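# Structural features, examined
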Amino acid sequence: MKKNYEAIVIGGGIVGCAVAFELAKRGLTDILLIEKGYLSSGATGRCGAGIRQQWGSELNARLALESTHIFEHLEEYTGYGQSCGLQQGGYLLVAYTEKEWAQFQENLKVQQALGIDAKALDLQQAKEIVPFLNTEGMFGATFCEKDGHANPFHCTMAYARGAARMGAEILTYTEVTGLRTQGGRITGVETAGGDFFGAGLVINCANVRAPGLAKLVGEDIPVVSERHQALVTEPVAPLLRSMVMSFHRSFYVQQTPHGSFVMGIGPHEEPSFNTRSSWQFLEKNCAVICETLPLLRKLNVVRQWAGSYDLSPDHIPVIDEAKEAKGFYSVCGFSGHGFMVAPRIAILVANHLTGQTDDLDIRTFSQERYQKGVFLLEPSVV
Ligand code: FAD
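The following refers to the structure shown. (Residues numbered from 1 in each chain as written. Predicted model: local features only at pLDDT ≥ 70, side-chain atom pairs only at ≥ 80, totals over all residues. Heavy atoms only, no water.)

### Some thoughts on the overall build of the protein chain
To keep things clear, this is the line we draw: Secondary structure elements follow DSSP: runs of H or I no shorter than four residues count as helices, runs of E no shorter than two count as strands, and numbering proceeds from the N terminus. Note on method: radius of gyration uses C-alpha positions; expected globular size equals 2.2 Å times residues raised to 0.38. Using a 1.4 Å probe on the protein chains alone, a residue whose accessible area is under 20% of its type maximum counts as buried, one over 50% counts as exposed, and one in between counts as partly exposed. For this analysis, residues touch if any pair of their heavy atoms sits within 4.5 Å.
When helices and strands are tallied, the protein chain shows ten helices and 19 strands. Here the C-alpha atoms of the protein chain give a radius of gyration of 21 Å, agreeing with the 21 Å that 2.2 N^0.38 yields for 382 residues. Taking the principal axes of the C-alpha coordinates as reference, the protein chain spans close to 65 × 40 × 40 Å. Buried positions account for 58% of the 382 residues belonging to the protein chain. Restricting the contact set of the protein chain to residue pairs at least 6 apart, pairs at least 24 apart contribute 74%.

### Quick look at the site of the ligand
Selection criterion: Any residue with a heavy atom positioned within 4 Å of a molecule or strand is treated as near that molecule or strand. For this analysis, a polar contact is any N or O atom pair within 3.5 Å, provided that within protein one partner can donate a hydrogen and the other can accept it, and provided that sequence-adjacent residues contribute only side-chain to side-chain pairs. Here the open area of atoms and residues is found with the Shrake-Rupley method and a 1.4 Å probe, where only the protein chains shown may cover a residue. Residues are grouped as follows: Ala, Val, Leu, Ile, Met, Phe, Trp, Tyr, Cys and Pro are nonpolar; Asp, Glu, Lys and Arg are charged; all remaining types, including Gly, are polar.
Close to the ligand lie 37 residues; Glu35, Ala43, Thr44, Gly50 and Met340 are nearest. Contact distances for the ligand include 3.0 Å between a nitrogen atom and a backbone N or O atom of Gly48. Between the ligand and Phe339 there is a distance of 3.1 Å, counted from an oxygen atom to a backbone nitrogen or oxygen. If the ligand stood free it would expose 1000 Å²; the protein chains cover 96% of that surface. Those elements that provide at least two residues to the shell around the ligand are α1 (14-25), β17 (301-311) and α9 (338-353). Class assignment for the residues of the shell around the ligand results in 16 nonpolar, 16 polar and five charged.

### Things to note about the sheet that holds strand β11 (residues 196-198)
Quick reminder of the rule: For two strands to pair, DSSP has to find at least two bridges joining them. Angles shown run from 0 to 180 degrees and are taken between the N-to-C directions of axes, each axis being a line fitted to C-alpha atoms and, for helices, limited to the stretch in contact.
Reading across from one edge, β9-β10-β11 is the order of the three strands in this open sheet, with antiparallel pairing throughout. Of all strands in the sheet, those with a lone pairing partner are β9 (176-182) and β11, marking the two edges. Neighbour-to-neighbour, the strand axes of the sheet open up by a mean angle of 30 degrees, direction not taken into account. When β9 meets strand β10 (residues 185-191), the two strands line up antiparallel, connected through six bridges. Each bridged residue has a counterpart across the sheet, and for Val176 the counterpart in β10 is Thr191.

### Observations regarding the pairing of strand β2 (residues 31-34)
Worth spelling out the cut-off: Handedness is read with the strands pointing away from the viewer; a crossover is right-handed when the path from the first strand over the helix to the second is clockwise.
Residues Ile31 and Leu33 point to one face of β2 and Leu32 and Ile34 to the other, with burial holding for every one of them. Relative to β2, strand β1 (residues 7-10) is paired through four bridges, and the arrangement is parallel. Residue pairing in the sheet places Val9 in a bridge with Leu33 of β2. On the question of chirality, the crossover connecting β1 to the parallel β2 by way of α1 is right-handed. Alignment of β2 against strand β8 (residues 169-171), held across three bridges, turns out to be parallel. Residue pairing in the sheet places Leu32 in a bridge with Glu169 of β8.

### Structural notes on the state of the cysteines
Operational definition: Throughout, disulfides are identified as pairs of cysteine sulfur atoms within 2.5 Å of each other.
Taken as a whole and judged by the stated rule, the model has zero disulfides. A disulfide-free cysteine, Cys144 has its sulfur positioned 18 Å from the sulfur of Cys155, the nearest such atom. The class of Cys144 is buried, set by a relative accessible area of 1%. No disulfide involves Cys155; its nearest neighbouring cysteine sulfur is the one of Cys84, lying 4.5 Å away. Residue classification places Cys155 among the buried residues on the basis of a relative accessible area of 0%.

### Brief notes about the side chain of Arg52
Checked against the element boundaries, Arg52 lands in the loop between β3 (50-51) and α2 (58-71). Side-chain polar atoms of Arg52 contact the backbone oxygen of Gln54, separated by 3.0 Å. Beyond its immediate chain neighbours, meaning those up to four positions away, Arg52 contacts Ala64, Tyr91, Asp147, Met245, Phe247, Met340, Ser380 and Val381.

### Comments concerning the packing of α1 against α9
How two helices sit against one another is set out by the angle between their axes and by the gap between those axes. Counted only if it meets this: Handedness of each helix crossing follows the sense of rotation of the near helix against the far helix: counterclockwise by less than a right angle gives left-handed, clockwise gives right-handed.
At their nearest, the axes of α1 and α9 sit 8 Å apart, and the two run at 35 degrees to each other. In the crossing of α1 with α9, the sense of the turn from one axis to the other is right-handed. Facing Ile14, Val15, Ala18, Val19, Glu22 and Leu23 of α1, the residues of α9 in contact are Gly338, Phe339, Ala342, Ala346, Ile347, Val349, Ala350 and Leu353. Grouping the amino acids of the contact of α1 with α9 by side-chain chemistry returns twelve nonpolar, one polar and one charged.

### Some details on α1
Within an α-helix, residues lying three or four positions from one another point in the same direction, as the helix has 3.6 residues per turn. Where we set the bar: The length a helix should cover is 1.5 Å for every residue beyond the first.
The end-to-end C-alpha distance of α1, which contains twelve residues, comes to 16 Å, matching closely the 16 Å that a straight helix rising 1.5 Å per residue would cover. Of all the positions in α1, only Ile14, Val15, Gly16, Cys17, Ala18, Val19, Ala20, Phe21, Glu22, Leu23 and Ala24 are classed as buried. Following α1 by one or two positions, Gly27 has its phi on the positive side, about 95 degrees.

### Considerations on the side chain of Asn351
Mapped onto the fold, Asn351 is located in helix α9. Filtering out sequence-adjacent residues up to four positions away, Asn351 remains in contact with Arg26, Gln356, Thr357 and Asp358.

### Some thoughts on the packing of α2 against α9
Note the following rule: By definition in this entry, angles of less than 35 degrees are roughly parallel, angles greater than 145 are roughly antiparallel, angles of 65 to 115 are roughly perpendicular, and the rest are oblique.
Following both chains from N to C, one finds α2 and α9 inclined at 90 degrees, their axes separated by 7 Å at the closest point. With respect to their mutual orientation, α2 and α9 come out roughly perpendicular. Touching Arg62, Leu63, Ala64, Glu66, Ser67, Ile70 and Phe71 of α2 are Phe339, Met340, Val341, Ala342, Pro343, Arg344, Ile345 and Ile347, all from α9. For the contact of α2 with α9, the class distribution of residues is eleven nonpolar, one polar and three charged.

The structure is reproduced here in structure tokens:
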């Protein structure tokens with residue numbers, strides 16, 4: 001294996017693999033992607049893989065809309081020979097408070113202005129979409145039929161194989177432990193095995209570990225790690241075509257094409273790198289979900305797991321070049337929705353790094369916004 005590359009990508013989740021793919025697609029094919037475990041071993045392989053365009057901030061709505069267009073043909077886009085499992089059965093977002101319902105009306109204005117086909121539903125209409133929905137305490141719902149979910153392993157592999165086909169090399173089970181700089185520029189990375197790989201461009205897509213790596217070159221990125229848990233049930237016949245989600249009660253639930261239900265509930269925990277499952281999650285999650293969708297009470301849970309959200313202060317990603325190590329970029333802070341925006345973020349990053357124009361301004365994502373007090377706050381997160 002070579003010792004010097006034009007670019008190194010750290011992290012083999014969907015973001016790192018998509019960035020490698022988009023760079024290679026633009027002719028920057030001399031790339032090494034380094035992943036400390038296996039591809040998708042981080043948050044990507046532990047996520048709900050939901051894709052929704054019903055956001056409250058224009059930025060997130062736009063990132064998700066343009067990413068959805070790519071998910072809709074990711075197989076052809078990357079040359080992947082298998083299905084990436086996209087299922088567009090819509091997201092039903094339910095409002096439990098008057099304030100939340102008012103926020104949903106505001107969100108709809110943002111979405112509809114971008115051409116996102118989302119609409120408000122009364123409780124009767126919500127029950128037409130999910131007949132066994134318990135609407136007690138609900139004010140209303142919004143629905144976008146083009147929202148859905150995909151298979152995170154296949155989507156990531158589609159990008160990785162596409163990048164490799166164009167020349168990128170992928171090194172798994174190798175941890176980046178050090179960064180080298182010279183004259184204020186990045187020169188390469190050191191690995192736990194004692195190797196050094198040189199590159200003048202390093203893209204740090206290590207999710208919750210990205211701030212720690214950036215710190216090695218003097219950058220303070222205010223992104224913290226928060227444990228989020230999920231579970232999967234036994235597979236049953238198709239019952240639920242749409243994802244059901246509540247911000248107020250902080251849950252989401254969907255049925256996969258295979259028939260099992262995947263669901264999760266937001267935590268209220270201190271930042272940590274803990275990725276152990278807990279019985280408290282199991283208990284709380286099942287209580288909330290069974291109250292909302294009583295039919296699911298009969299299902300058996302087969303497995304639960306935990307992963308990490310890389311939380312930024314305003315729930316909008318951070319894309320930043322280190323001041324003391326030019327050529328070292330961090331792409332993180334996805335705050336629980338990095339899967340669904342990864343395709344568009346990767347295009348933005350690759351356009352910037354290869355000198356191509358983009359109608360999104362990459363500077364919008366700079367963490368300088370926090371120093372300037374410009375928070376791009378997203379009101380609609382689980
Ligand atoms: P990761 O997939 O974590 O990839 C980063 C990789 O970097 C990891 O594989 C890690 O091993 C590697 N790495 C770290 N440090 C090093 C190092 N020093 N050297 C080499 N490699 C390193 N998002 C959605 O859009 N929709 C959802 O429905 C959704 N549901 C979620 C549910 C749960 C329970 C969780 C935990 C997350 C969910 N997310 C969801 C968020 C989503 O998973 C992430 O935002 C997204 O996967 C981020 O991708 P990534 O490539 O940045 O991170």
